[in-house]
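Understanding the architecture of this molecule
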Protein chains: 2
Amino acid sequence: MDDELSRVFAALADPTRRDMVARLAVRDATVNELAEPYAVSLQAISKHLRVLEDAGLVSRTRQAQQRPVHLEAEVFDLMTKWIERYRREAEERYRRLDAVLAAMDANTPTETATDQERGAS
Amino acid sequence: MDDELSRVFAALADPTRRDMVARLAVRDATVNELAEPYAVSLQAISKHLRVLEDAGLVSRTRQAQQRPVHLEAEVFDLMTKWIERYRREAEERYRRLDAVLAAMDANTPTETATDQERGAS
DNA sequence: CTCATGTTCAACCGAGCGGTTGAATAGAGG
DNA sequence: CCTCTATTCAACCGCTCGGTTGAACATGAG
């Protein structure tokens, strides 16, 4: 299959699955309980859960005939780390550009501004 | 189409697109520059960029024949907010469970523990 | 054992995705 | 105008996805 990060992002790219995650954040639930609000078959929900499980977002135990679904918080960190890393870089770059523009505005527009930009990279 | 959050998650579910985002976090780039490292056609990269653009992750301007691609950091916040919200809920629930277990360990294991859990929900 | 409940497996279907190739468009430059 | 470069459009292909239905499996209860 694909790498874990891809699986996690793909799993959350579906509104039904995101909604299930949101509900599982409140409390564990069985497949039937999870399926109740949606106008799709139980099998479809079962498939969605498989996707979430493969992504490591949920785990399942057995309890009599039921299979309670539990949200695993750790995988979220993987995403958050990835996102935050590049968001920070992008924002830093944005601030740097702001500084450059401010410098260009303050000083005479010479090559100083572009030098600053290169030096910071 | 789907909602924005779905588009963003779906866009980042592809390793090539995530890699492009990573590189765009460092500096803007043209389609040709972006395509260079990958063993796929230029048209495939063009499609990937369309996906990223539709998700609001990148923007494009025109500069002579080139179309420089620029990473937009704001959309990352949308994801981060969604993720953090449910991660926090899940972790809080986990801590609560820990407390319950600790209480069960400390006191005589009566119905006190389960009462606490119900009361906290 | 039998039965009801809860869940999953299997096969199928239409839509969309990531990739291809070939042709078209946009703009700079001789 | 013609041409070269950069990029996109269009049609197609194989695969995966989200959904369906019908059958199978797992387990607790009578």
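Residues numbered from 1 in each chain as written. Chains lettered and ligands numbered in written order. Predicted model: local features only at pLDDT ≥ 70, side-chain atom pairs only at ≥ 80, totals over all residues. Heavy atoms only, no water.

**Quick look at the protein's contact with DNA strand C**
If you check the shell around DNA strand C, you find 23 residues, and the closest are A:Asn32, A:Arg60, B:Gln43, B:Lys47 and B:His48. Counted by atom, the contact set of DNA strand C within 4 Å of the protein is 61% sugar and phosphate. Side-chain polar atom of A:Ser46 to a phosphate oxygen of DNA strand C: 2.8 Å apart, as the coordinates give it. At a separation of 3.4 Å, a base nitrogen of DNA strand C approaches a polar side-chain atom of B:Gln65. (Near = heavy atom within 4 Å. Polar contact = N/O pair within 3.5 Å; in protein donor to acceptor, adjacent residues only side chain to side chain.)

**Concerning the nonpolar core**
The tendency in soluble globular proteins is for nonpolar side chains to be buried side by side. Counting 64 residues, the largest nonpolar core has A:Phe9, A:Leu57, A:Trp82, B:Phe9, B:Leu57 and B:Trp82 as the members making the most contacts within it. Discounting residues that sit within four places of it in the chain, A:Leu57 has contacts with A:Val8, A:Ala11, A:Leu12, A:Leu52, A:His70, A:Leu71, A:Glu72, A:Val75 and A:Phe76. (Core = buried A, V, L, I, M, F, W, Y, C linked by side-chain atoms within 4.5 Å. Buried < 20%, exposed > 50% of the residue type's maximum accessible area, 1.4 Å probe, protein only. Contact = heavy atoms within 4.5 Å.)

**Quick look at the packing of helix 2 (residues 15-26) of chain A against helix 4 (residues 42-54) of chain A**
All names here are of chain A. Where helix 2 contacts helix 4, the two axes come as close as 10 Å, and the packing angle between them is 75°. Taken together, the axis directions place helix 2 and helix 4 in an arrangement best described as roughly perpendicular. Touching Thr16, Arg17, Met20 and Val21 of helix 2 are Ile45, His48, Val51 and Leu52, all from helix 4. Of the residues assigned to the contact of helix 2 with helix 4, the class counts are five nonpolar, two polar and one charged. (Axes fitted to C-alpha atoms, helices over the stretch in contact; angles between N-to-C directions. Helix = DSSP H or I, 4+ residues; strand = E, 2+ residues; numbered from the N terminus. Parallel < 35°, antiparallel > 145°, perpendicular 65-115°, else oblique. Nonpolar A, V, L, I, M, F, W, Y, C, P; charged D, E, K, R; others polar.)

**Digging into the packing of aromatic side chains**
Under the definition given, this model contains five aromatic pairs over all chains. Pairing A:Phe9 with A:Trp82 gives two aromatic rings, centres 6.0 Å apart and planes at 75°, and the pair type is edge-to-face. In this pair, A:Phe9 sits in helix 1 (residues 4-12) while A:Trp82 sits in helix 5 (residues 74-106), placing the two residues 73 residues apart along the sequence. Under the relative-accessibility criterion, A:Phe9 is labelled buried at 0%. Where A:Phe9 meets B:Phe9, the ring centres are 6.1 Å apart and the plane angle is 40°; that geometry is what we call tilted. In this pair, A:Phe9 is assigned in helix 1 and B:Phe9 in helix 1 (residues 4-11), connecting two distinct chains. (Phe/Tyr/Trp six-rings, centres within 6.5 Å; stacked < 30°, edge-to-face > 60°.)

Any functional reading would require information beyond the geometric quantities listed.
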